[in-house]
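Close look at the chain arrangement
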Amino acid sequence: MTARKTMMARAVQLALGVGAVAGVIGQASAQAGAQDAAPAAAPAPMARVEITGSAIKRIEAETALPVQVITREEIDKVGVTTASEILARLSANVGGLTDAASITDGKDQRGFNSANLRGIGTSSTLVLLNGRRMANFASPGDDSGVDLNNIPAAAIQRVEVLLDGASALYGTDAIGGVINFITRKDFQGVELNVYGLKTKEGGAGKRTASISAGHGDISKDGYNVFAVLDLQRTDALSTSQRSFINDLRIPERLPHLLSGYTSPANIRLSGDQRDYLAAHGFTINGKPITSNIINPSVPNCAPPANLYLPAGTGGVNGCTYNYMGDTELYPKSDKANFLSRGVLQLNPDNQLYAEVALSRSKTWYAASSARVRAYVDHSVIPALAGYDLGSDEAGGDGEVELRIRLNEAGRRTSELTSESQRYVLGLTGSRNGWDYDVALNHSVNVIRDRDTHGYLLYNELVKGITDGLVNPFGPSSAAGLKLIDSLQVNDEVRHARGTMDSVDFKISHAVGTLAGGDAAMAVGGEVRREKTDYNPSALLMSDNINNDAAPEGGQSTSYGRNIQAVYGELLLPFTKQWEAQLSARYDHYQVVGGAASPKVGVSYMPTKTMLFRASAGRGFRAPSMTDLYRPMQVSATATLPDPVYCATVDNNYADCANAWETHRHSNPNLKPEHSRQFSLGMVLQPSKQVMLSLDYWNIKRTDLIAEVGDDIVLANPAKYGNLVHRDEDGYIDYIDMYKENRGAQKAAGLDLTIDYRGVQTFAGRFGGRLSGTYVTDSKIQNEPGDAYVSNLARFVTDGVVQRWRHTITLDWDNGPFAASLSNTYSSGYEDQNSAINTDDGSVVTANHVKAYSLWDVSGSWQASKALKLRVGIQNLLDTAPPFSNQAYHFISGYDPTYTDVRGRRFFANVNYAFK
């Protein structure tokens, strides 16, 4: 403890000492300048603002750090209404979690919408609201971060995206960058906004309404209070509502990714039972059986969802269920956000302020209907009743396994509610030349995951099947339907609550004058308490919910930790051309330990139309409480070959590939990840209308908190064989997966922006903007000394980083009329190309995923000073997601992380504002 206090004390002394030295230098320079310069009238002061990435207020201009700004006007033009939709158009945001990507029949962090700058992980992107933290999404899982559903999108004035590591100012999670959502601060009057969206093929329609109201002019009245209420509702979208699903030809291209649970039910035999039936003349579709899975209805199989696909998971003698013809692609949701801010001018230099942000996002996820595995005596199955499967010749066991798709129970539906509260009370202003800001922050996120329909009590359901009340092969009787209805589960199966309480402060002061202007120093600190509680329900832990199994070690958990931090920053304008920004921060995490994060940024402006900038720094990411303490989780790999067993069966994947059980372990001894990053860039303004910026960025993370990939474990038995547990026959029982500080990650690329601010012609003013990211490197090393594996333009394990992504917007306005045409683009890449068909041992046909390009258009009319109308078309060309054979996501046939399944859609917006 003494050593930790000493390190903290040294960090404070360092920050203050550097500032004091700068102050002495600055005062000496100021005194020398005062002796040489004649008195002059002081110019009117220009407003100074705080820019994301710095704690020092300054005149707004380009800085040593690359910051992209998304304005309210740009958001309105494209007709997006949520924070997640805003960031989906950001070229540096790769593989973030969305409502569409969250659809799964699993339970881990469903409903989480997140950002992922540089594609290096959601946990390495810091999301702020008005420059301060919010509580992270509370459900335990591999990703940690703020749920974008909790951002009050209607209140956003602008979004500042710092595309550079910022741990030196903000601490953990800022390795990939910082996204700061900035809301209105001094609104007066009333503004009403109504928005509607309709898709061409139906489904996923949206209605939103918001009201903003503010009163009080700070400069005249000494106060301002405003509030924004935003309500949104989105309809569900099913596979049956999109023609492109059929165009993907999933049953033909990816039959082995479909399901062997069908209606009528498939019957799984033992090898002895199969051989017995074949020897006694039993046939399917007029042919002797050759597979362990049979279905007497072959080849009819009750289409359209249940198909006869000899290459499918049901095999040549069974049926295959195409769940991609009977599930949802986009969930129904209701979202409500409320933000209020009040400011009281205590005196000309000091303000008291308070913020309240409340949100609730309720999302309904509907997967395909229930899968049921039941064991019954063969005699109750009419097609098998005439055979003696209980005889010694058939193995002595007359019981068979049924794999049932219980359509009569309806789709499995879950209601996921994410609620957020955030209260900030602060004091800001200046005194004796010192700018200061101090605040209390209390933030809460609560997750409620409820099974509402399609999940049944398992033991009672199986009894109903064995008693003959529920018919696995056709319509059930009235008594069977009544039983199914009585067994429906409506239970909050998971409840998680995360809280964050903090006190933070920062003070800044001019410390003298250098040749280029005022030098300034800032010092700040933070004390934070984080706590997470997770409670599975008693019903869930009873392990009696069909398709919602009790998690191993999934008992209630409660963990908390304390964090202290201190930082300092210097702004040094050495000359009119040269400026430096120096910063350093030290964080101490209870149990985990401390981390120091220094950074230096330099800018050089040889002329008013040219700026060069560079930065270099170190960062860190503290392990989340899930990384440290989450109970062991039972999961499964994708279908992978076991090379040890494959060697004994002539590498026949039909016998030696499977979705192997995994046991995933947390690690209370984890240490922080560390990073080093640097950037080099330039900003050019060849004319008043054109501005161009080009920045190279380079990130390396070490001590990566990760598990060794399951595919890596199996492919390297000599190195990781101790993690693979086998039964007496050498077949894999389960694989251990441990979180460790291991390996490294590298990412590098170029950010390009071109702003054409417009030229006035007889036909109106024309302008445009391009924002793009070209990635030159993206790869991961699993262990020190191992070779790096690249996911650049190649889908690996869980995703891909496209080489080029951009957003282009072309604008026109003439008097009260305006129009905008925009394009978002992601380049193509090599597909995963690894899914295995365990029926015949074949590997999926290799595929190259095509580039994905969407065009949007909108037009607006300022009918009066108060009334503005806007209409538009999103996905103007009705472009469908390109085919992908990825097998990582529950959704098959395309990658849901960056594509939009809604197709062409039309929106209209009415805005009425008055004071």
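Residues numbered from 1 in each chain as written. Predicted model: local features only at pLDDT ≥ 70, side-chain atom pairs only at ≥ 80, totals over all residues. Heavy atoms only, no water.

Next up on the list: a nonpolar patch on the surface. Judged by side-chain polarity, Tyr 223, Val 225, Leu 344, Leu 346, Leu 352, Leu 425, Trp 434, Val 438, Leu 440, Val 503, Phe 505 and Ile 507 come together as a nonpolar surface patch covering roughly 950 Å² of accessible area. Of all the elements in the fold, those that place two or more residues in the nonpolar patch are β7 (223-234), β16 (332-347), β19 (434-453) and β20 (491-514). Tracing the backbone shows Leu 425 in strand β18 (residues 399-431). (Patch = residues over 30% accessible without salt bridge, like charges linked within 9 Å, V, L, I, M, F, W, Y side chains within 5 Å. Areas by Shrake-Rupley, 256 points an atom, 1.4 Å probe, with all protein chains shown as cover. Salt bridge = Lys/Arg side-chain N within 4 Å of Asp/Glu carboxyl O. Helix = DSSP H or I, 4+ residues; strand = E, 2+ residues; numbered from the N terminus.)

The next thing to look at is the side chain of Asp 751. Here Asp 751 lies in strand β34 (residues 744-761). Relative accessible area serves as the criterion here: at 4%, Asp 751 is assigned to the buried category. There is a polar contact of 2.9 Å between the side chain of Asp 751 and the side chain of Thr 773. Residue contacts for Asp 751: discarding those within four places in its chain leaves Arg 118, Leu 163, Ser 693, Leu 694, Asp 695, Trp 697, Gly 772 and Thr 773. (Buried < 20%, exposed > 50% of the residue type's maximum accessible area, 1.4 Å probe, protein only. Polar contact = N/O pair within 3.5 Å; in protein donor to acceptor, adjacent residues only side chain to side chain. Contact = heavy atoms within 4.5 Å.)

Bringing the pattern of salt bridges into the picture now. Inspection of the entire model under this criterion finds 49 salt bridges. Between Asp 695 and Arg 613 there is a salt bridge whose closest N-O contact spans 2.8 Å. With Asp 695 in strand β29 (residues 690-702) and Arg 613 in strand β25 (residues 610-621), this pair connects stretches of sequence that are 82 residues apart. In this structure, Glu 707 engages Arg 664 in a salt bridge whose closest nitrogen and oxygen atoms are separated by 3.1 Å. With Glu 707 in the loop between β30 (705-706) and α15 (710-715) and Arg 664 in strand β27 (residues 657-665), this residue pair connects regions lying 43 residues apart in the sequence. Connected via shared salt-bridge partners are Asp 142, Arg 621, Asp 627, Arg 664, Glu 673, Arg 701, Glu 707 and Lys 739.

This part is about the sheet that holds β27. Strand order in the open sheet formed by four strands is β26-β27-β32-β31, with mixed pairing between adjacent strands. At either end of the open sheet lies a strand with only one pairing partner, and these are β26 (633-641) and β31 (724-726). Along the sheet, successive strands turn relative to each other by an average axial angle of 30°, direction set aside. Of the pairings in the sheet, the one linking β26 to β27 comprises seven bridges and is antiparallel in character. Residue Pro 641 lies in a different strand from β27, and its bridge partner there is Ala 657. (Pairing = 2+ DSSP bridges. Axes fitted to C-alpha atoms, helices over the stretch in contact; angles between N-to-C directions.)

A word on helix α8 (residues 271-279). Taken as a whole, α8 has its buried residues at Gln 273, Tyr 276 and Leu 277. Projected down its long axis, α8 shows its buried positions confined to an angular sector of 95°, all on one face. Phi for Gly 281, located one or two positions after α8, is positive at around 80°. (Arc of directions from axis to C-beta.)

For the coordinates displayed, the defined rule picks out 15 aromatic pairs. On the numbers, 5.8 Å between centres and 25° between planes, the contact of Tyr 195 with Phe 907 is stacked. Linking Tyr 195 in strand β5 (residues 189-199) with Phe 907 in strand β43 (residues 905-914), this pair joins segments that are 712 residues apart in sequence. For Tyr 195, a relative accessible area of 5% gives the class buried. By relative accessible area, Phe 907 is classed as buried at 4%. With a centroid separation of 5.5 Å and an interplanar angle of 55°, the aromatic rings of Tyr 912 and Phe 914 are classed as tilted. (Phe/Tyr/Trp six-rings, centres within 6.5 Å; stacked < 30°, edge-to-face > 60°.)

As a further point, take the confidence of the model for the chain. Scored by pLDDT, the chain comes out at a mean of 90, with 93% of its residues at no less than 70. This model gives residues 1-44 a pLDDT under 50, and the stretch forms 30 contacts once residues within four places in sequence are excluded. (pLDDT = per-residue confidence, 0-100.)

Moving on to the sheet that holds strand β1 (residues 67-71). One open sheet accounts for four strands, arranged β1-β3-β4-β2; its pairing is mixed. Only two strands of the sheet have a single neighbouring strand rather than two, namely β1 and β2 (125-129). Between one strand and the next, the sheet's axes are offset by a mean angle of 15°, whatever the strand orientation. The pairing of β1 with strand β3 (residues 156-162) spans five bridges and is classified as antiparallel. In the strand pairing of β3, Val 69 is matched with Glu 160.

Looking at chain direction, β18 and β19 are connected through 19 bridges and run antiparallel. Within the sheet, the bridge partner assigned to Thr 413 lies in β19 and is His 453. If you look at the hairpin formed by β18 and β19, you'll find two residues sitting between the two strands, and Asn 432 has a positive phi there, around 55°. Bridging between β19 and β20 involves 18 bridges; their strand directions are antiparallel. Looking across to β20, one finds that Ser 443 is bridged to Met 500.

Residue position: Arg 412 is located in strand β18. A distance of 2.8 Å separates the side chain of Arg 412 from the backbone oxygen of Ser 368, its partner in a polar contact.

Throughout the structure, instances matching the rule amount to nine cavities of 30 Å³ or more. Taken as a whole, the largest cavity spans an internal volume of roughly 780 Å³. Around the largest cavity, the lining comprises 44 residues; the ones closest to its centre are Ser 84, Glu 85, Ala 88, Tyr 898 and Asp 900. Contributing elements (two or more residues each) for the lining of the largest cavity: α3 (83-88), β7, β16, β37 (804-814), β38 (817-826) and β41 (852-862). Broken down by element, the residue count for the lining of the largest cavity peaks at four residues, all from α3. (1 Å grid on protein atoms, 1.4 Å probe; cavity = no way out; pocket = protein on both sides within 12 Å on 5 of 7 lines; lining within 4 Å. Points joined across faces, edges and corners; volume = space filled by probe spheres on them.)

Relative to the helices and strands, Asp 703 is located in the loop between β29 and β30. Once the C-alpha coordinates of Asp 703 and Glu 673 are considered, the two residues, 30 residues apart in sequence, prove to be 4.9 Å apart.

So, about helix α9 (residues 458-466). Every buried residue of α9 is accounted for by Leu 461, Val 462, Gly 464 and Ile 465. Summarising the axial view, the buried residues of α9 lie within an arc of 155°, below the 170-degree limit, and thus occupy one face. Close packing links the buried residues of α9 with β17 (350-377), β18 and α10 (478-486). Just downstream of α9, Gly 468 is the residue with a positive phi angle, here 90°.

Here we take up the environment of Ile 699. Tracing the backbone shows Ile 699 in strand β29. By relative accessible area, Ile 699 is classed as buried at 6%. Along the chain, Ile 699 and Val 462 lie 237 residues apart, while their C-alpha atoms are 54 Å from each other. Non-local contacts of Ile 699, meaning those with residues more than four positions away in its chain, are made with Arg 118, Ile 120, Ile 175, Gly 176, Arg 676, Gln 677, Gln 745, Lys 746 and Ala 747.

Taken as a whole and assessed by the stated rule, the structure comprises two disulfides. Covalently, Cys 301 is tied to Cys 319 through a disulfide, its sulfur atoms 2.1 Å apart. Negative torsions about the S-S bond denote left-handed disulfides, and the value of about -85° found for Cys 301 with Cys 319 makes this one left-handed. One end of the pair, Cys 301, is in the loop between β12 (293-294) and β13 (306-307); the other, Cys 319, is in the loop between β13 and β14 (320-321), with 18 residues separating them in the sequence. Here the two residues Cys 301 and Cys 319 agree in accessibility, since each one is buried. Through a disulfide, Cys 646 is tied to Cys 656; the S-S separation comes to 1.9 Å. (Disulfide = S-S within 2.5 Å.)

Here we take up unusual backbone geometry. Each neighbour pair has its own omega, and for Ser 263 with Pro 264 the value is 5°, a cis peptide bond. Checked against the element boundaries, Pro 264 lands in the loop between α7 (250-253) and β9 (266-268). Across the junction of Val 298 and Pro 299, the peptide omega takes the value 10°, indicating a cis bond. Backbone geometry at Ala 793 places phi at a positive 60°, although glycine is not the residue there. Tracing the sequence through the fold places Ala 793 in the loop between β36 (788-790) and β37.

It is worth spelling out a negative patch on the surface at this point. Taken together, the side chains of Asp 543, Glu 552, Glu 661, Asp 727, Glu 728, Asp 729 and Asp 733 define an acidic patch exposed on the protein surface. As for its placement among the helices and strands, Glu 661 is situated in strand β27. (Lys, Arg positive; Asp, Glu negative; His and termini not counted. Charge placed at Lys NZ, Arg CZ, Asp CG, Glu CD.)

Right, let's talk about the environment of Asp 811 for a bit. Of note, Asp 811 is situated in strand β37. Sequence separation between Asp 811 and Val 857 is 46 residues; the distance between their C-alpha atoms is 9.9 Å. Not counting the four nearest positions on each side in its chain, Asp 811 is found in contact with Lys 77, Arg 765, Phe 766, Gly 767, Gly 768, Ala 819 and Ser 820. Among the polar contacts made by the side chain of Asp 811, one reaches the side chain of Lys 77 at a distance of 2.9 Å. There is a polar contact of 3.1 Å between the side chain of Asp 811 and the side chain of Ser 820.

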